[in-house]
Amino acid sequence: MDLSDLNSAEMQKFYSEEQQRAMVNEMVAKLTSECWDKCITGTPGNKFSSSETNCLTNCAQRYMEMSMLIMKRFQSMQ
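Residues numbered from 1 in each chain as written. Predicted model: local features only at pLDDT ≥ 70, side-chain atom pairs only at ≥ 80, totals over all residues. Heavy atoms only, no water.

With an unreviewed UniProt entry as reference, the protein is termed Mitochondrial import inner membrane translocase subunit, source organism Cicer arietinum. Checking UniProt for the protein, the heading Subcellular location (unreviewed entry) contains the comment "Mitochondrion inner membrane". What UniProt states about the protein under its Sequence similarities (unreviewed entry) heading is, verbatim, "Belongs to the small Tim family." (UniProt positions renumbered as here; feature names shortened; annotations may be inferred.)

Undergrad: Any chance you could break down the nonpolar core for me, citing the residues and the numbers?
TA: L31, C35, C39, I40, L56 and C59 together form the largest nonpolar core, which totals six residues. Those elements that place two or more of their residues in this core are helix 1 (8-39) and helix 2 (50-77). Residues contacting L56, with those up to four places away along its chain left out, are C35, W36, C39, I40 and F48. (Core = buried A, V, L, I, M, F, W, Y, C linked by side-chain atoms within 4.5 Å. Buried < 20%, exposed > 50% of the residue type's maximum accessible area, 1.4 Å probe, protein only. Helix = DSSP H or I, 4+ residues; strand = E, 2+ residues; numbered from the N terminus. Contact = heavy atoms within 4.5 Å.)

Undergrad: Mind laying out the pattern of salt bridges, listing which residues take part and the relevant values?
TA: One pass over the structure, following the stated rule, counts three salt bridges. E34 is paired through a salt bridge with K30; the nearest N and O atoms lie 3.2 Å apart. Here E34 and its partner K30 are both found in helix 1, four residues apart, which amounts to about one turn of the helix. For K30, a relative accessible area of 44% corresponds to the partly exposed category. (Salt bridge = Lys/Arg side-chain N within 4 Å of Asp/Glu carboxyl O.)

Undergrad: Describe a nonpolar patch on the surface, listing the residues and the values that go with them.
TA: A contiguous nonpolar surface patch, about 530 Å² in accessible area, is contributed by M66, L69, I70, F74 and M77. Following the sequence through the fold, F74 ends up in helix 2. (Patch = residues over 30% accessible without salt bridge, like charges linked within 9 Å, V, L, I, M, F, W, Y side chains within 5 Å. Areas by Shrake-Rupley, 256 points an atom, 1.4 Å probe, with all protein chains shown as cover.)

Undergrad: Account for the environment of C35, naming residues and giving values.
TA: Relative to the assigned elements, C35 resides in helix 1. Residue class for C35 comes out buried when judged on its relative accessible area of 2%. It is 5.9 Å that separates the C-alpha atoms of C35 and L56, two residues lying 21 residues apart in sequence. Residue contacts for C35: discarding those within four places in its chain leaves I40, L56, C59 and A60.

Undergrad: Please set out the environment of D37 residue by residue, giving values where relevant.
TA: Residue placement: D37 occurs in helix 1. We classify D37 as exposed; its relative accessible area is 59%. For the pair D37 and L56, spaced 19 residues apart in sequence, the C-alpha to C-alpha distance is 9.9 Å.

Right, dumping it as structure tokens:
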């Protein structure tokens with residue numbers, strides 16, 4: 001995509017979409033790192049144990065719930 005061909009509104013939309021992508025990527029990376037460190041205590045094998053699977057699932061759900069709660073709180077403050 002040649003950015004020089006975009007007008008101001010298109011550029012703003014493009015910038016906003018890129019910011020959203022970056023935020024999602026950052027959230028996924030943080031979630032992966034936090035939950036991995038919390039739930040995978042040994043050297044992983046070919047498959048996760050049931051306790052590791054449950055821990056990763058619960059950790060990811062809590063992380064997403066808290067992220068949504070924080071985002072809604074910030075939006076309500078604006």
